[in-house]
Amino acid sequence: WSKAVEPKHLTIRRQLCHRHRQTLRVQGSSHEHATASKSSEALARRDLLAACAVTLPLINLPAQADTLLQEVSPQAAKGPDTTITHKVYLDIGIAPTALRPAEERTLGDKSIIPVEDAAPVGRIVLGLYGNHVPITVANFLALVRGGSLLGTTFSRVLPGEYVQAGQQGALRMGQVEAPGDVQANPETSDPSAFRLTHGRPGTLSLSLGENDDDPRAKLRPGYKNLEFLITTGPGPAPRLDGSNIPFGRVLEGMGTISTITTVPTFRANERTNALNMLAQKLGDDRAAGVRRKYGRPLKAVVILGAGELPLEQGSG
């Protein structure tokens, strides 16, 4: 190694050895400092031992660094792989009311959502990032392929942020009943799964931080996160970053998303907001229940159809 490129651990060793030689010259120059020489010699030896302790673990650093660099894949250096691996569609309808009138319901009704009254408003085509978060994508595909989304509703509409669907519960209430082939998802605790942001309108994301599933449903054995959101634009939604997992994007149908955002929703007035904040500070569990209703559509936004589309070559 030349001095210009000498590793730090070798520089430390060279400097301490030079100091040791100077100390020995001082010891040989005079017998009057015998006691001091012994002390200096001890100190010099201690310094050398310290240098060895510091530098020996560092001697192999260049090789270790090469190994670490080899372990970093080219894809990791470029960032998450957002190649479109699957395409799916959701056909959306909007009903005049959120629920069927009480007088029209019977005990054996499969659903109290007015699915038959929902007027079609458009299709949303989604591209999925199966290389980035394969388990999250596989679970979403299980919902689509198994028909679990049919007749379910969007549970939250927040114009300027996102629309949300896939809330778990009873199909009778317009909620998703999870199919048996849904996998446990370790990606929900993997930091690399959260690297993508919600910077573009139409970002499809697994709802974790925004999840509004009933807390009792989350306590059931085998519960898995399935709820999803789609950002509405027109700007980014940085509040969602780091707490939800982007796993796709809208390829067609942002106009349909815009139509959904025009549906009236439950909004708390100032007095209700103030009481809710007070209840939250007092630890009243009912406050969280009220907050889960914020943004709930007052008209049923229904998924009338869902399926997979062929993936054209060059997609992504």
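In what follows, the structure referred to is the one given above.
First, a word on what this report is: a plain description of the structure on this page. (Residues numbered from 1 in each chain as written. Predicted model: local features only at pLDDT ≥ 70, side-chain atom pairs only at ≥ 80, totals over all residues. Heavy atoms only, no water.)

## A short note on the layout of surface pockets
And then number 1: Computed from the structure, the largest pocket encloses a volume of approximately 650 Å³.
And then number 2: If you trace the largest pocket, you find 30 residues lining it, with Ser 155, Gln 167, Met 173, Gln 175 and Arg 296 closest to the centre.
And then number 3: Mapped by element, the contributors of at least two residues to the lining of the largest pocket are strand 3 (154-158) and helix 6 (215-218).
And then number 4: In this structure, the second largest pocket encloses a volume near 200 Å³. (1 Å grid on protein atoms, 1.4 Å probe; cavity = no way out; pocket = protein on both sides within 12 Å on 5 of 7 lines; lining within 4 Å. Points joined across faces, edges and corners; volume = space filled by probe spheres on them. Helix = DSSP H or I, 4+ residues; strand = E, 2+ residues; numbered from the N terminus.)

## Overview of the nonpolar core
And then number 1: With 38 residues, the main nonpolar core has Leu 126, Leu 128, Phe 140 and Phe 247 as its most contacted residues.
And then number 2: Per-element accounting of this core gives the leading share, 6 residues, to helix 5 (residues 134-145).
And then number 3: Setting aside its immediate chain neighbours within four residues, Leu 128 contacts Thr 83, Ile 84, Thr 85, His 86, Val 88, Val 137, Phe 140, Leu 141, Leu 204, Phe 247 and Gly 248.
And then number 4: Among the nonpolar cores identified, the runner-up in size contains 5 residues, and Ile 113, Ala 118, Ala 300 and Val 302 belong to it. (Core = buried A, V, L, I, M, F, W, Y, C linked by side-chain atoms within 4.5 Å. Buried < 20%, exposed > 50% of the residue type's maximum accessible area, 1.4 Å probe, protein only. Contact = heavy atoms within 4.5 Å.)

## What to know about the pairing of strand 5 (residues 203-206)
And then number 1: The alternating pattern of strand 5 places Thr 203 and Ser 205 on one face and Leu 204 and Leu 206 on the opposite face, and all of these are buried.
And then number 2: Pairing analysis gives 4 bridges linking strand 5 to strand 7 (residues 245-252), with the strands arranged antiparallel. Counted as the bridge partner of Leu 204 is Gly 248 from strand 7.
And then number 3: Bridge count for strand 5 against strand 6 (residues 228-231) is 3 bridges, and the pairing is antiparallel. Residue pairing in the sheet places Ser 205 in a bridge with Leu 229 of strand 6. (Pairing = 2+ DSSP bridges.)

## Observations concerning the pattern of salt bridges
Where side chains of opposite charge bring their charged atoms close, a pairing between them can arise.
And then number 1: One pass over the full model with this rule turns up 8 salt bridges.
And then number 2: Between Glu 308 and Arg 145 there is a salt bridge, with the nearest N and O atoms lying 2.8 Å from each other. Placement of the pair is Glu 308 in strand 8 (residues 301-309) and Arg 145 in helix 5, with a sequence separation of 163 residues.
And then number 3: Accessibility expressed as a relative area gives 53% for Arg 145, which makes it exposed.
And then number 4: Between Asp 214 and Arg 216 there is a salt bridge; the shortest N-O distance is 2.8 Å.
And then number 5: Taking the relative accessible area as the measure of exposure, Asp 214 reaches 25% and is therefore partly exposed.
And then number 6: Among the ionic contacts, a cluster of salt bridges with common partners joins Glu 161, Glu 210 and Arg 239. (Salt bridge = Lys/Arg side-chain N within 4 Å of Asp/Glu carboxyl O.)

## A short note on the packing of aromatic side chains
And then number 1: All chains considered together, the criterion is met by 2 aromatic pairs.
And then number 2: Taking the centre distance of 5.3 Å and the plane angle of 65 degrees together, the rings of Phe 140 and Phe 247 count as edge-to-face. Taken together, the residues span a long stretch of sequence, with Phe 140 in helix 5 and Phe 247 in strand 7 at a distance of 107 residues.
And then number 3: Among the residues examined, Phe 140 registers a relative accessible area of 3% and is labelled buried.
And then number 4: Residue classification places Phe 247 among the buried residues on the basis of a relative accessible area of 1%.
And then number 5: In textbook terms, an aromatic cluster arises when at least three aromatic residues are bridged by ring pairs, as seen for Phe 140, Phe 228 and Phe 247.
And then number 6: Note that Arg 123 overlies the ring of Tyr 89, its terminal NZ or CZ placed 3.9 Å from the centroid. (Phe/Tyr/Trp six-rings, centres within 6.5 Å; stacked < 30°, edge-to-face > 60°. Lys NZ or Arg CZ within 6 Å of the ring centre and 35° of its normal.)

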